[in-house]
Amino acid sequence: MKKILSITVFSLLLLLGSCKKAIDEQPISEGLLKDFLHNKIEADAAIAGMYGEFQQTMIGDGQYRNRMTWWGEARSDNWERRLTYTVNATNEIDLNGLTEINDYADWSFLYSTIGRANLLIKRLPEIKQFTPVGTVGALTPALESSYMAQSLAMRGLCYFWIARVWGDAPIRTEPYLSIDEQAEQARDPKAKVLEQAISDLTQAYERTVKGANAPVWYLGEAAIAAILADAYMWRAGTTKNNADYTEALVWLRRLFAAKAPTGKVYNATGVAANGTGGDVADLQSGPTWNAQFITPMNSVETIFNIHWDNISNGCACMAGVSRTTNEPMIRMADPLWTNWPAVATATYGAITATVDRRVKQTYNITSATSQPIRDRSFWKFYAGTFTAATATAGYNFTLPTASYSGSLPYTTETNVYIPMYRLSGMYLLYAEALNKTGDQLNAVKYLNFIKSRAGVPTVSTAQFASADALEMAILQERQYELIGEGVRWFDLVRTDRVKEVMDPILIARQTAAGNPAVGWGSDKNRYYWPLATRVLFSNSLLVQNQPY
């Protein structure tokens, strides 16, 4: 989703989506609004502003502020703090001691994007009144429908994130058109917030063009279907409503019927009935697995990515998942770092052989601890040269020489294209839904597509004593496949495995820090984040999440 700059009207739009009160949308005067969103140029700028706000939220409005990681992964077993850092926000996340002053407890950025979407949804149908169809600068009916679908989808996506991170939240579906409007608003129940997300996304799917190639940077047919499948899986897991697993399967089959950016239908034979179709050839090939992150427009697997351009947006200086000239505040957690399946040795610093094609295309398992700038280099989203295994040597992945001493890409000048959804993640979600609805045979089939592409041994249903054991295997495969893509924490929450997975890790961290070794405890309210103090102060009708 390229952020379009150098448009005068876009500068005006920045004012329209800024934050205030309960949901941090700044009311604007009628004097500004009456002259805006009257033609195609202004609609283009408004759409660009909406996507630009979302990408800034997820990737960062400053160094290490990639909220996609902090919200979707940092509290999981994927990442741990660097002990040399004493940043309160990071320590709170690492030790499960979140407070309302945490930098990432503020939902204002997502509501700012919602504000932009609300304005578009309100005003797009009115443009023809100012610039009639057929005149210069008009918005065509097809483009109006497309922009309306994208705006609804973006609003739904933001509410989906809010429901998962904070639970209860105010629902606002109208833009502020006057400073006289009441801005304070109480929180709606999390079930209603999720229902709003599903409703918006369903309306978006009805409006969006079917059969077009995935636009990658924008919300099209495949992306909307993928988000809806994800939303139904979340609701199924957190409310124990098994009917939602069936609904998730419906949306996954609709995703399979859509087209990748290359024009290939994602899974043409898998749209007829649950569990049918599918093939390893549907995915990016194993030796070129990393290429889908470098050139997503050329991949059969791409669904929806964030386009971060260094010139327009600055450094993609993301904590944990990118490389800068400084160490980030978090690093890949020890268990993943040393014990990725099929790594021949767990000794850090050794040149290891592996049968998993993803390992050396994800992170540097050969750098020395004496060189901290290169320590645990996460290079998944950067270009490099992949060399397949031979009889005498394991897989290898070599990055281009940087403009400074070392072998890392100079990421302050590197564009990144972070995936929000891609087909392998959806195949694993499909396997999970099939397993939940009693189809273990086909669940294993789709799990094996990912394993085969990775070059690791496949499995059979006989290896799993229960559906629960198979679910754990699917979740583990999602962890290896999707690390750095903001999903692991949500996987643990929706499958109710936070305590099971995180208790031993937290107890070890707490013990090492000299704190009481209490683990996660029994309060599942802690799965949600607190509301930031500045959010509470802005709105007297808000109530803090328990037990914060």
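For clarity, every value in this text was computed on a predicted model and none was experimentally measured.

(A) How the structure looks around helix 6 (residues 108–123). If you check helix 6, its first and last C-alpha atoms are 22 Å apart, about what 16 residues at 1.5 Å a residue would give, namely 22 Å. The element helix 6 is largely enclosed, with a buried count of 14 among its 16 residues.

(B) Representation of the pattern of salt bridges within the structure. One pass over the full model with this rule turns up 38 salt bridges. When the shortest N-O distance is used, the salt bridge between Arg-497 and Glu-471 registers 2.8 Å. Separated by 26 residues along the polypeptide, Arg-497 in the loop between helix 19 (488–494) and helix 20 (498–512) and Glu-471 in helix 18 (residues 467–482) bring together distant segments of the chain. Take Arg-497 and Glu-471: they sit in the same class, and that class is buried. Across the pair Lys-524 and Asp-496 runs a salt bridge, and its minimum N-O distance is 2.9 Å. Pair noted here: Lys-524 is in the loop between helix 20 and helix 21 (533–537) and Asp-496 is in the loop between helix 19 and helix 20, with a separation of 28 residues, a long-range link. A network of salt bridges, in which partner residues are shared, links Glu-301, Asp-356, Arg-358, Lys-380, Arg-422, Lys-451, Arg-453, Glu-477, Glu-481 and Glu-485.

(C) Broad picture of unusual backbone geometry. Note the cis peptide between Gln-546 and Pro-547, where omega equals 5°. Among the structural elements, Pro-547 can be located in the segment after helix 21. If you check the backbone angles, Tyr-64 has positive phi at about 65° while not being a glycine. The residue Tyr-64 is located in the loop between helix 3 (40–59) and helix 4 (67–72) in this model. Classification of Tyr-64 by relative accessible area gives buried; the value is 5%. Here the phi dihedral of Val-216 falls at roughly 65°; this positive angle occurs in a residue that is not glycine. Tracing the sequence through the fold places Val-216 in the loop between helix 9 (190–207) and helix 10 (221–239).

Parameters at a glance
Residues numbered from 1 in each chain as written. Predicted model: local features only at pLDDT ≥ 70, side-chain atom pairs only at ≥ 80, totals over all residues. Heavy atoms only, no water. Helix = DSSP H or I, 4+ residues; strand = E, 2+ residues; numbered from the N terminus. Expected span 1.5 Å × (residues − 1). Buried < 20%, exposed > 50% of the residue type's maximum accessible area, 1.4 Å probe, protein only. Salt bridge = Lys/Arg side-chain N within 4 Å of Asp/Glu carboxyl O.

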